[in-house]
Amino acid sequence: MQGKGFRLQQAMRFLQSIQGKLFVAFLTVVLIPLIGTGLYGNWITSRIIEERVIESARSNVEQHAQQIAGFLDSVRGDVLYLAHLDSLQRLLQARAQGDDEGVAYWRTQLARDFLIFSAARPTYYQVRYLDETGREVVRVDSDGRVSRIIPQDKLQDKSHRYYFQETIQRGPGEIYVSPLDLNREHGQIEVPYRPVIRYATPIYVDSTLRGIVIINVYADYFLRFLYEHGPQKGMLLMVDQDGYYLAHPDPTRRWGGPVDLNTGYGLWTDYPDAASQILSGQEGTYISGDQAIVYTPLYPVAVERDRFWVILRVESTSSLFAPIRAFRVTAASILAAAILVATAMTMVLARQLTEPIRALQRGVEQFGQGKLDHPLEVKQEDEIGQLTHAFNQMAAAIRRYVVQLEMLNEAGQRISSGLDRQATVRAIADAARQLLPAEFVAILCLEQSEPHRFRVLVEVGDRRWATLRETPAVQTLYQEALNLEIGQSRNLQEAGGFVCCAPLRIEANRRSLIELYGADPELGDPWASKLLSTLAAHASIALENVSLYEVLAEHRQRLAHLVEDLINAQEEERKLVAYDLHDGLIQYLVGARMHLRSFTALRDTNPQAAEEALEAGMAHLATAISEGRRVIEGLRPTLLDDMGLAAAIGELTRQMAMAAGWEVELDLATANRQFPPSVEITAFRIVQEALTNARKYAQARRVKVSLAVRDSVLEVVVQDWGRGFDPEATRNRQECMGLVGMRERAHLVGGRCTIHSEPGKGTRVLVRLPLQSESGVIHEPLLGDEADPSADCG
């Protein structure tokens, strides 16, 4: 036990040593390809042998199928030959003329011709001519050795047989091929069994059916060939399209179909798993367990694809694939010998490489301890020496990369710390020049008005390099760089120097570039491109942060102005309500009070005057009620709640028109359509304010109001053909507050209100209000037509 433990420890120390690892590595490198190649070659060769074995079996099956098909084709030719015999044509002519003597003579001649033909074709069981009624006229039978003419009194009526009925349905020159079945005489299956297939063709004279010529083929001629010439350790079978055996070494399993012996024996009983595949009408191979079946279909009638036979070769897999087993034994022996040789060679090579590798290992350990400034000593010029030299170069490159990455990190922090755009752009250019050996750095931005022209944002270094921008190569480089993703770059060598470009994202929709020029070959190195790409990615993030800060500051300023304008509009609206209450409702109530006092004072002394004062007071109260309703309608339009936006605006316009005497044109294309409540109240208030302004100031005779929805935007237009006004003249006047209110109402729901007016040409108010998106949120005000000068006020 102690000896075994000691040997185990020695083996572990060997495997942990450099020599042991090299031994294992080389052995693995040699054995894995060797074993893999051997196994793969074994597999491929086995597949090829298997395919060739199967192909050989398939060729054998196809050869039998072609032999049978060739025999059946000869039968097809023979039946057409018999149909054109001269004696048959003379017999038909005599029958047509009613010449009984001629009929008897030519029937005898036809029988002799059939007899001669049958003697030359021992495989034909019967050769017959049937007239158009199905009655046998001439019949010659053969037992394979002797042929004989059947006397007239032995001839039968075959009009009821299926082959006669099928043949007379054919046209001139067509051939009917019957199913392969057992022959029947007088309705009974003939014993001994005679498998027969019949070939028949109709005879026409002047387009008139005159009977059929039919050959009964003794099918045992080709069926016996199948089960007598099968493989030594297998068998050849033939089945019909329903899977019943037509040829089988076991006679008890033949003719199991319902039209023959009806024993039920077939593929479905012997090979139930393979039957559906074999009877698909396609050739193929079925392998399951220890049995292989190669099969091919045979179509007696090419055009009838639902009638076919299948020839099968059934053989055990051990017999069929015996060559594969022999090959695998030989291949395994060769592979084992190769493994032994490879193991011995690997041991020798590992010993030779141990010492140089150990020296290199000690140097690598020093490098791993952080001693980057101590290159390894190269003692020899072989592969190990070259490896040591390459390691020293790699260490130097890593030292340089570490320094550049530290500089890149510091540059990213400086760039990201600022929020001023110009200072950030300048810091990006300075960082690029410090990071890479560039003599000239520039940041360019595509002009929005001229998409093929660049604007220089900043330049640092020797501007003489800028002359290279106009060269075709650099222009092409620009286009390639603009199509790159952020974090990618391109470089090229041009006119004794190097150019390196990377895309920048200055703003959301503006494409920009950072370009570096210099003579140092390091600019053409892939590492320089990666550094520039990384710097550009950091810079793009920093510039996006600057853009977001600018947008945020702008939104804050706009929000402050919006709140201020909204407060002013609310105060103005309260003043208007106060003026309406003071000048309208209160005055009518004061008048009603005075008339009621007069009524109280006069009702005893002057009843008639008291009655007049009471009626005047009641009239003032009615007017006060109407005025109160008008004020309430101004605060919250009940029309909008009751009738919807289109109907409410229509009713409001008609009321205004009746009061002002306008000619009104309404185009309300959104009738019966519901809109978000915020959109409806905004549209109604703006139309109400626009109509009120037209009534007070326009002195118009004609007013038009229209509603429409275009591209998920509600468009409202209020137009009058009154006296109009000068927007500049009203900019600072008090009546401008109504216009401000309309603009702010539209802005609050993300819309836009534009007012166009000129003195003497009327006024047109256009309001565009976005309908809510799928998310239900309206983010930014609509961008539309350029604002009229009056938009500052309304």
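Residues numbered from 1 in each chain as written. Predicted model: local features only at pLDDT ≥ 70, side-chain atom pairs only at ≥ 80, totals over all residues. Heavy atoms only, no water.

## Observations concerning the packing of helix α3 (residues 86-97) against helix α4 (residues 100-120)
- Running from amino to carboxyl end, α3 crosses α4 at an angle of 160°, the nearest separation of the two axes being 8 Å. The angle between the axes of α3 and α4 places the two elements in the roughly antiparallel class. The way α3 lies across α4 gives a crossing that is left-handed. In contact with Ser-87, Leu-88, Arg-90, Leu-91, Ala-94 and Arg-95 of α3, α4 contributes Gly-102, Val-103, Trp-106, Arg-107, Gln-109, Leu-110 and Asp-113.
- Tallied by class, residues from the contact of α3 with α4 come to 6 nonpolar, 3 polar and 4 charged. (Axes fitted to C-alpha atoms, helices over the stretch in contact; angles between N-to-C directions. Helix = DSSP H or I, 4+ residues; strand = E, 2+ residues; numbered from the N terminus. Parallel < 35°, antiparallel > 145°, perpendicular 65-115°, else oblique. Left-handed = near helix turned anticlockwise from the far one by under 90°. Contact = heavy atoms within 4.5 Å. Nonpolar A, V, L, I, M, F, W, Y, C, P; charged D, E, K, R; others polar.)

## Re the sheet that holds strand β22 (residues 713-720)
- Pairing is mixed across the open sheet formed by 5 strands, whose spatial order is β20-β21-β22-β24-β23. The open sheet has two edge strands with one neighbour each: β20 (663-668) and β23 (752-757). For this sheet the average axis-to-axis angle between neighbouring strands, irrespective of direction, equals 10°.
- The strands touched by helix α17 (residues 645-660) within the sheet are β20, β21 (702-710) and β22, with β20 carrying the most contacts at an inclination of about 175°.
- Packing against the sheet, helix α18 (residues 677-698) makes contact with β21, β22 and β24 (763-770), and its axis sits at approximately 10° to β22. (Pairing = 2+ DSSP bridges.)

## What to know about the nonpolar core
- Membership of the largest hydrophobic core comes to 58 residues, with the highest contact counts inside it found for Tyr-129, Leu-180, Phe-222, Met-238 and Trp-309.
- Here this core takes 13 residues from helix α2 (residues 18-83), the largest share from any one element.
- Beyond its immediate sequence surroundings of up to four residues, Phe-222 is in contact with Ile-68, Phe-71, Leu-72, Leu-180, Met-238 and Trp-309.
- If you look at the next biggest cluster of nonpolar residues, it comprises 36 residues, including Ala-698, Ala-700, Val-716 and Leu-739. (Core = buried A, V, L, I, M, F, W, Y, C linked by side-chain atoms within 4.5 Å. Buried < 20%, exposed > 50% of the residue type's maximum accessible area, 1.4 Å probe, protein only.)

## Let's talk about unusual backbone geometry
- The omega torsion of the bond from Val-191 to Pro-192 falls at 0°, within 30 degrees of zero and hence cis.
- Locating Pro-192 in the fold gives a position in the loop between β7 (188-189) and β8 (195-205).
- Unusually for a residue other than glycine, Asp-206 sits at a positive phi of about 55°.
- Examined against the element boundaries, Asp-206 turns out to sit in the loop between β8 and β9 (208-218).
- Judged by its relative accessible area of 71%, Asp-206 is exposed.

## Considering the pairing of β9
- Relative to β9, strand β1 (residues 124-130) runs antiparallel, the two sharing 6 bridges. Following the sheet pairing, Gln-126 is matched in β9 by Asn-216.
- Direction of pairing for β8 relative to β9: antiparallel, over a ladder of 10 bridges. The residue of β9 that forms the bridge with Ile-203 is Gly-211.
- Count of turn residues in the β8/β9 antiparallel hairpin: 2 residues, of which Asp-206 carries a positive phi of about 55°.

## Looking at helix α13 (residues 472-482)
- Residues Val-474, Leu-477, Tyr-478, Ala-481 and Leu-482 constitute the buried set of α13. Seen along its axis, α13 keeps its buried residues to an arc of 130°; they face one direction. (Arc of directions from axis to C-beta.)

## A closer look at the pattern of salt bridges
- In the structure shown here, the tally under the stated rule is 27 salt bridges.
- Measuring nitrogen to oxygen at the nearest pair gives 3.8 Å for the salt bridge that ties Arg-170 to Glu-166.
- Residues participating in the shared-partner salt-bridge network are Arg-128, Glu-136, Arg-139 and Asp-141. (Salt bridge = Lys/Arg side-chain N within 4 Å of Asp/Glu carboxyl O.)

## Considering the confidence of the model for the protein
- On average, the protein scores 80 in pLDDT, and the residues at 70 or more come to 82%.
- Confidence, read as mean pLDDT per element, is least for helix α1 (residues 2-16) in the protein (66) and greatest for β24 (94). (pLDDT = per-residue confidence, 0-100.)

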